[in-house]
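Summary of structural features
The primary structure of each chain is shown beneath.
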Amino acid sequence: MADFSERGIVLKRSDYGENNCMLSIFTRKSGIIKAVIYGVKRGKNNSKAASAQFLCYGDYDLYGGRGNAASVNSVNIIDAFLPVSNDIAKLSLCAYMAETVMTLLGENNPDERLFGILLNCVYALAYRDDNIMKVKSAFELKLMCAEGYAPEMGSCVKCGSEDIAAFDAREGGMVCSECMRGTSRRISAATYRALYYLINCPDKRMLSFNGNDTLIKEIGEISENYLLEQSDSRFKTLDYFKAFS
């Protein structure tokens, strides 16, 4: 039991008693940790309120065991990404990204790469003019790569043939004509190049690709389907995002 500091971003907030909140904080060093912030709902001008908001990014001074919920002593807020809160589509996309991170990573599993990927996407939504669907698809693919689910793009994932013809989300990447089945999707050369770039580029360059609306739509359908198939998960926040995007 000791004081410790973590730089992190709030992925989830829930009520904890009458005036307190339980936070799920994605930290750079320790992964996702639980932390209670006491008295956060007491009074209209509570100075703690901002540090308990979804997407609050800052340096958290904590107390408690790392295996159990810690207590928040103080927070030095770096950014609250306020422009996201003013756009329901962007806010719902951030909620979806947060849910996928919590589902795939779990608690107390450090992952600095995924931490950086998430921050890059939240920053882009708040302060850049990137296409929201481009951010979504780039995040989905980079999330899967960071967690060890990178799709096979150089050869058929089933037989090893280099004569690839389609992408199969269920099988885990490209397949040849002989191995195609109902879940396979033929893709254009432009879509293949964009997918290959996203999977292999440095994370800091993940939003540097360009494409027309048709290309971005196709990449988005592929990346979403791939995440759902490979994680074998369904996300309520995805339905919410689709209702507003």
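Scroll up for the structure.
None of the values given here were measured: they were computed from a predicted structure.

Tallying each qualifying case throughout the model produces 15 salt bridges. Where Lys136 meets Glu224, a salt bridge forms, and the shortest distance between an N and an O atom there is 2.9 Å. In this pair, Lys136 is assigned in helix H4 (residues 132-146) and Glu224 in helix H6 (residues 213-231), connecting sequence segments 88 residues apart. On the basis of relative accessibility, which here comes to 1%, the residue Lys136 falls in the buried class. Assessed through its relative accessible area of 13%, Glu224 is described here as buried. Where Arg181 meets Asp168, a salt bridge forms, and the shortest distance between an N and an O atom there is 3.9 Å. Taken together, the residues span a long stretch of sequence, with Arg181 in the loop between strand E7 (173-176) and strand E8 (184-186) and Asp168 in strand E6 (residues 164-168) at a distance of 13 residues. Put simply, Lys136, Glu140, Glu224 and Lys242 are held in one network by salt bridges that share partners.

Before going further, it helps to spend a moment on the sheet that holds E6. Here we have three strands laid out as an open sheet, ordered E7-E6-E8, and antiparallel in their pairing. What marks the edges here is a single partner per strand, and that holds for E7 and E8. On average, each strand axis in the sheet is inclined to that of its neighbour by 45 degrees, with strand direction left out of account. Strand direction decides the pairing type here: E6 and E7, joined by four bridges, are antiparallel. Paired with Ile164 across the two strands is Cys176, which belongs to E7. Sheet contacts for H6: E6, E7 and E8; angle to E8, the most-contacted strand, approximately 165 degrees.

The next point concerns the pairing of strand E3 (residues 31-37). Within E3, six of the seven residues are buried, leaving the element largely enclosed by the surrounding structure. With seven bridges connecting them, strand E2 (residues 20-27) and E3 associate as antiparallel partners. Bridging across to E3, Thr27 finds its partner in Gly31. Counting the residues that bridge the hairpin from E2 to E3 gives three residues.

Between its first and last C-alpha atoms H4 spans 21 Å; for 15 residues at 1.5 Å apiece the expected length is 21 Å, and the two agree. Among the 15 residues that make up H4, 13 are buried, leaving the element largely enclosed by the rest of the structure. If you check the start of H4, you find a side-chain oxygen 2.7 Å away from the backbone N of Met133, and it comes from Asn131. Trailing H4 by a residue or two, Gly148 shows a phi angle of about 90 degrees, which is positive.

Now for unusual backbone geometry. The phi angle at Asn108 is positive, at roughly 60 degrees, despite the residue not being glycine. Relative to the helices and strands, Asn108 is located in the loop between helix H2 (88-105) and helix H3 (112-127). Even without glycine at this site, Asp232 takes up a positive phi of about 50 degrees. Looking at where Asp232 falls in the secondary structure, it is placed in the loop between H6 and helix H7 (236-244).

Rules used in this analysis
- Residues numbered from 1 in each chain as written.
- Predicted model: local features only at pLDDT ≥ 70, side-chain atom pairs only at ≥ 80, totals over all residues.
- Heavy atoms only, no water.
- Salt bridge = Lys/Arg side-chain N within 4 Å of Asp/Glu carboxyl O.
- Helix = DSSP H or I, 4+ residues; strand = E, 2+ residues; numbered from the N terminus.
- Buried < 20%, exposed > 50% of the residue type's maximum accessible area, 1.4 Å probe, protein only.
- Pairing = 2+ DSSP bridges.
- Axes fitted to C-alpha atoms, helices over the stretch in contact; angles between N-to-C directions.
- Contact = heavy atoms within 4.5 Å.
- Expected span 1.5 Å × (residues − 1).
- Polar contact = N/O pair within 3.5 Å; in protein donor to acceptor, adjacent residues only side chain to side chain.

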